[in-house]
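Examination of the molecular architecture
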Amino acid sequence: MISIIRTMWLTFLHMFHKRATIQYPEEKIKLPARWRGRIVLTRDPDMGERCVGCYLCAAACPVDCISLQATEDEHGRRYPEFFRINFSRCIFCGYCEEACPTYAIQLIPDFEMGEYNRQNLVYEKQDLLINSEGKYPGYNYYNVAGLAVKGKDKGEGANELAPVDVHSLLP
Amino acid sequence: MAILYIDNKPYEIPTGKNLLETCLTLGFDVPYFCWHPAMGSVGACRQCAVKVYKDENDTKGRLIMSCMEPVANNQRISISDPDAKEFREQVVGWLMTNHPHDCAVCDEGGSCHLQDMTVMTGHNYRKFKYKKRTYTNQYLGPFLNHEMNRCIQCYRCVRFYKDYAGGKDLDVFASKNNVYFGRAEDGVLESEFSGNLAEVCPTGVFTDKTLKQHYTRKWDLTMAPSVCQHCSIGCNTIAGERYGSLRMIANRYHGEVNGYFLCDRGRFGYEFVNAKDRIRKPMMRHQEVDHTTIIHELSILLKQPGVIGIGSPRASLQSNFALKALVGEHNFYHGVSDNEHDLAELAVKILNEGPVRTPSTKEVETADAVFILGEDLTNTAPILALAVRQSVKQEPSAQAVQVNIPLWNDAAVRGIVQDRKGPLYIASIHATKLDELAAATYRATPDDIARLGFAVAHILDESSPVVENLTDDQYQLAEQIARALLAAKEPVIISGAGCESDAVMKAAANISWALQKRNEQTGLVYTMLECNSMGLAMMGGHRLQAAFNAVMNGHAHTVIVMENDLYRHGNKSDVDAFLAACKNIIVLDHSMHATSSKAHIIIPAGTFAESDGTLVNNEGRAQRFFQVYEANEVISESWRWLLNIGAAMGNMRINAWKNFEDITQAIANEEPLLRGIDTITPSPQFRLAGQRIPREPHRYSGRTSMNAKDNVSEPKPPEDADSPLSYTMEGYRGAPPSSMIPFFWSPGWNSVQSVNKYQETVGGPLRGGDPGLRLLEPDATKPVLYFHGIPEAFKPLEDHIWILPLHHIFGSEELSAKSPSVEKRIPSPYILIHAEDAANLALHENEPLTFYIRHHTYSLPVKITTAIPHGVAAVPYGIKAIPCSELPEWATLKDESQINVYTHARVNVKQT
């Protein structure tokens, strides 16, 4: 008997507590920056695509929901010819972001991806690519990778010596 | 045998090897870079350090390079000793100081020996924080990409390219820590074996440029064991597919056939599979039709009498057999010219009925005297040429063995050998790349080459026919060759169909038979023109000319041409007339060509990548290739099309054959020369631990996404009714049987170097024996019946020229020539004549020479040389605008008024 009254009292007190429920979607939840939501492809400081098509995200993906095809521009810079994420399979584990050597693929605090048609959850590159550097501003993979691309010849990257002069025998 | 103690555990091991090989054979993971099982040790990279102890009381030990240390009985070593481990980690750390952080954009990544070795040695984090050295790259041609930044100076590339493959244009430049591996200047790598650099290089300095154009990581490929279709040697390959297109060909180690290497034709010729003009839909009189309709229509059409079938030397045994079964034995014709037909049958007869054995490529490597008659091996059977290159090292390196230098000690052996070479004699029409190794060369027409061969045979054995009217020079050369062959322990005679002369092949047979009486280790090798020439010859069938006659005489009106461009095998006017006379031309093929463009009905056949089949190589070894991927719903193997048509026609015999296994068993039962071909791979029901063998590595990615564009629901993976392989990543993860290894991988060994784990001994046969079945074994007890009929010496004819075909590695073979990278290396049409003939005709280099063969006019730009005989001209075989199917033939140089000039046959030089 006493326990029933106690329970009703506690429930009554909750009427005066701060509400945990928010009125989504009118009211939006504030998510931390490291929330693992929708996957995006970011860009370099020079607004080139960051993704070099190395396939590491696809290999890291435990549900195999990423597929892509690497290709190359005439200056040797790699980019994905297509890049597809099947979000109906994605488990938002963030392994792809961890695996990405160029900070191209990032998970952002956005989860509002509901669709009535499952086919609409297949995102292509144009759906994934954003005009931003995301969480890692200023990073440019080709600056540290040794490879020559347009605008960065051999020896012009960070921590690179000028190309070896093969004809020199000087010590 | 000896006892070796590794970390205090005894192992029984064979002697004569080095410690590194022995440890790898025993299954230990010892890191290495510069050592290569085919090229031996030089001790350059210092990566394979282990500790050696004096005896069991020695606790300190000393570090040695395991690749430079021969094994000894009761030797005690330690691989896991902390000093050795630290040393190895430091060495890899040093090698990595200048290695760039570009694995993400490096094609080697995921199959990289350097990645594997850094992980194996524990150098997981990069400590070097200073500036990294950079190099500019070179353009190396259509096959290879160059990225010198990644080099770790192991020297494997130049050791392979120069020392092993005899290349001249790749070298090491500069000094100290600036050494540069490349060419003196940008340009196409000349060697026919340059593609192997992509596999020999432990990292990504040299990578496959064709793969780069549709780049896929090794872990993402669907791979299957395949057999190269581009020459008669039958090298074993791994073919990899992704997203429905073939992405790369890699070497599949075979201890007897190709070892560790492939030629560039085999490695880069695969792109015809992805060609835009592939036949992908069934067509009936220029209308696209579906699978059911075409089967129905054909079953009605083919029920009428008067149907003949023309097989192909580039189609599998199964396809040829299915065609033979469908049209009946009497209506089955080999789709090769009569000359090719005779040569292939002659080769089978000599190897099957003669007393001499045909050695494998590996055995040619260890031959100590070689005589080549009429073949330009570098262009007709490149891997055999690579083997001959090794064979000339045999005799001089015997001296190294005398002074106790083991043969794997490459630098020391080369120091002793210097420039000396074993006996190699080459008789050829034109200069060959192997000439530089030869003790003597002889340039002559096929008839004169045959005369030299018969002369050598007569010197070896008096009872063989004698050659009349030899010049003194010829006789002396013959004597010199005979002496060298007699002195050898394992002499090998090489000849083949390349110069289209039966006399040359018979002369080679006579030599080997004469030699066999003195030395039972004699070998005789014939190279053939196409990948299944031998298999087709062993199957039996009529001549192509008979097929032409059957239609021309009204006995037949419908022809099924399977995987064959008749214009490559019959002369143009004959084929034109034949095709015009046929009421129904049905072509089963995968690529468009002159014959298929005249077909009324076209059926899309699968290429080797979309097919299962068996080929017989020049050695008589039957080898199976497996389907790599399902192309689409209509493209399938020729034999499957034919079985479906046969079943629809109500042919009870064909109806009983449902899959690859059934038809292969039928061949084994019905073709006496092909008995046993059903045993070369396990049956489709074979399982390991109840599982299939996966075609995909366990880290295959993108399964739930690759087809999602079309439909988000994943389709069921296709099931393979023809083999125990699966089209998925699920299945048995251990080593599969040697005949069906889809890819080489072992934990910690992602690169091709993991082949060590699949071999019984390093560099030896695959575990479970090398795959394939040799069908031709000699009967040494049979009496020798020498060939007679020695040809007359060649005499030039006035106003005429004897035209011979010259083979080119790039261009002479039909399928590889369609590959865009190979296409860039195809020579433009030419006619090669002797300088004196050119002077007589008042012709200069590149001026057109007009000549007439059987009323056809040809005009080709002249190339002038002194390396071919007088009165002879040579044209590149199989290249567009060249009448290769008519050769060898006399051409007239004078335009006689009665000659009817066909304008459509004229070759305009300016256009080409």
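Here we take up the packing of helix H9 (residues 317-327) of chain B against helix H24 (residues 660-670) of chain B. Residue and element names in this part refer to chain B. As a packed pair, H9 and H24 sit with axes 10 Å apart at the nearest point and diverge in direction by 75 degrees. The orientation of H9 relative to H24 falls into the category roughly perpendicular. Note on element contacts: H24 touches H9 through Phe 660, Ile 663, Thr 664, Ala 666, Ile 667 and Glu 670, opposite Leu 317, Gln 318, Phe 321 and Ala 322. Residues of the contact of H9 with H24, tallied by class, amount to 7 nonpolar, 2 polar and 1 charged.

Next up on the list: empty space enclosed by the protein. Residue and element names in this part refer to chain B. All chains considered together, the criterion is met by 13 cavities of 30 Å³ or more. Each pocket or cavity is described by its volume, and for the largest cavity that value is around 430 Å³. Mapped onto the lining of the largest cavity, the elements with two or more residues apiece are helix H5 (197-200), strand E10 (206-208) and strand E13 (245-251). The greatest single-element share of the lining of the largest cavity, amounting to 4 residues, is contributed by E13.

Residue and element names in this part refer to chain B. Strand order across the open sheet formed by 3 strands is E26-E27-E30, with antiparallel pairing between neighbours. Each edge of the open sheet is held by one strand with a lone partner, namely strand E26 (613-616) and strand E30 (773-774). Where E26 lies against strand E27 (residues 621-625), 4 bridges are found, and the strand directions are antiparallel. Opposite Gly 613, over in E27, you have Phe 625 as the bridge partner.

Another aspect to go through is the pairing of strand E24 (residues 584-589) of chain B. All names here are of chain B. Within E24, 6 of the 6 residues are buried, which leaves the element mostly enclosed by the surrounding structure. Of the two faces of E24, the one holding Asn 584, Ile 586 and Leu 588 and the one holding Ile 585, Val 587 and Asp 589 are both buried throughout. When strand E23 (residues 558-562) meets E24, the two strands line up parallel, connected through 5 bridges. Looking across to E24, one finds that Met 562 is bridged to Leu 588.

Attention now goes to the domain arrangement of chain B. All names here are of chain B. Segmentation of chain B into domains returns domain 1 (2-95), domain 2 (214-275 + 686-770), domain 3 (277-331 + 556-616 + 631-674), domain 4 (342-528) and domain 5 (800-905). Computed from C-alpha atoms alone, the centre-to-centre distance between domain 3 and domain 5 is 33 Å. Listed as interface residues are 14 residues of domain 3 and, on the opposing side, 13 residues of domain 5. Contact with domain 5 buries surface across domain 3, with Arg 568, Asn 571 and Lys 572 losing the most and accounting together for 57% of the total. Counting across the domain 3 and domain 5 interface gives 2 salt bridges.

Residue and element names in this part refer to chain B. Pairing in this open sheet of 5 strands is mixed, and the strands run E2-E1-E5-E3-E4 from one edge to the other. Of all the strands in the sheet, the pair left with one neighbour each is strand E2 (9-13) and strand E4 (62-65). Each adjacent strand pair in this sheet contributes to an overall mean axis angle of 40 degrees, direction not counted. In the sheet, strand E3 (residues 49-53) pairs with strand E5 (residues 75-78) via 3 bridges, with the strands oriented antiparallel. Across the sheet, Val 52 pairs through a bridge with Ile 77, a residue of E5. Packed on one face of the sheet, helix H2 (residues 82-95) meets E3, E4 and E5 and runs near 155 degrees to E3.

Turning to the side chain of Asn 409 of chain B, a few remarks are in order. Residues and elements named next belong to chain B. You can see Asn 409 is positioned in the loop between helix H14 (394-402) and helix H15 (410-417). Judged by its relative accessible area of 15%, Asn 409 falls in the buried class. Non-local contacts of Asn 409, meaning those with residues more than four positions away in its chain, are made with Ser 41 and Met 68.

Glancing now at the nonpolar core. As a rule of thumb, soluble globular proteins bury nonpolar side chains together. Among the nonpolar cores identified, the biggest contains 122 residues, and Ile 66, Phe 83 and Ile 105 of chain A together with Ile 494 and Phe 608 of chain B are the most heavily contacted of them. Leaving out residues up to four positions away in the same chain, Ile 66 of chain A has contacts with Cys 57, Ala 58, Cys 61, Phe 83, Arg 84, Ile 85, Cys 96 and Ile 105 of chain A together with Gly 702 and Ser 705 of chain B. Counting 108 residues, the second largest nonpolar core, distinct from the first, contains Leu 301, Ala 325, Ala 478 and Phe 794 of chain B.

Moving on, we come to the pattern of salt bridges. Oppositely charged side chains may form a pair once their charged atoms are brought near each other. Applying the stated criterion to the full structure yields 54 salt bridges over all chains. Among the ionic pairs, Arg 78 of chain A bridges to Glu 72 of chain A, the shortest N-O distance being 3.4 Å. For Asp 589 of chain B, the salt bridge is made with Arg 314 of chain B, and the minimal N-O distance between the two is 2.9 Å. Placement of Asp 589 of chain B in strand E24 and of Arg 314 of chain B in the loop between strand E16 (307-310) and H9 is noted, with a sequence separation of 275 residues between them. Here the salt bridges share partners, and the residues they tie into one network are Arg 357, Glu 363, Glu 619, Arg 621, Arg 774 and Glu 777 of chain B.

As a further point, take the interface of chain B and chain A. Interfaces are often sized by the amount of accessible area the parts lose when they come together. With 51 residues of chain B at the interface, the matching set in chain A holds 47 residues. For the pair chain B and chain A, the summed buried area comes to about 3700 Å², and 51% of that belongs to carbon and sulfur atoms. Looking only at chain B, the three residues that lose the most surface to chain A are Val 105, Thr 134 and Val 712 of chain B, adding up to 17% of its buried area. In this assembly, chain B and chain A are joined by 6 salt bridges. Notably, a salt bridge pairs Asp 64 of chain A with Arg 699 of chain B, separated by 2.5 Å at the nearest N-O pair. Here the side of chain B that touches chain A takes 3 residues from strand E6 (residues 132-134) of chain B, the largest share from any one element. Of the residues assigned to the side of chain B that touches chain A, the class counts are 17 nonpolar, 16 polar and 18 charged. Where strand E6 (residues 160-163) of chain A meets E6 of chain B, 2 bridges bridge the pair, whose relative direction is parallel. If you follow Pro 163 of chain A over to E6 of chain B, its bridge partner there is Thr 134 of chain B.

About the criteria used
- Residues numbered from 1 in each chain as written.
- Chains lettered and ligands numbered in written order.
- Predicted model: local features only at pLDDT ≥ 70, side-chain atom pairs only at ≥ 80, totals over all residues.
- Heavy atoms only, no water.
- Axes fitted to C-alpha atoms, helices over the stretch in contact; angles between N-to-C directions.
- Helix = DSSP H or I, 4+ residues; strand = E, 2+ residues; numbered from the N terminus.
- Parallel < 35°, antiparallel > 145°, perpendicular 65-115°, else oblique.
- Contact = heavy atoms within 4.5 Å.
- Nonpolar A, V, L, I, M, F, W, Y, C, P; charged D, E, K, R; others polar.
- 1 Å grid on protein atoms, 1.4 Å probe; cavity = no way out; pocket = protein on both sides within 12 Å on 5 of 7 lines; lining within 4 Å.
- Points joined across faces, edges and corners; volume = space filled by probe spheres on them.
- Pairing = 2+ DSSP bridges.
- Buried < 20%, exposed > 50% of the residue type's maximum accessible area, 1.4 Å probe, protein only.
- Domains from an automatic or database assignment.
- Buried area = accessible area lost by both parts, 1.4 Å probe.
- Salt bridge = Lys/Arg side-chain N within 4 Å of Asp/Glu carboxyl O.
- Core = buried A, V, L, I, M, F, W, Y, C linked by side-chain atoms within 4.5 Å.

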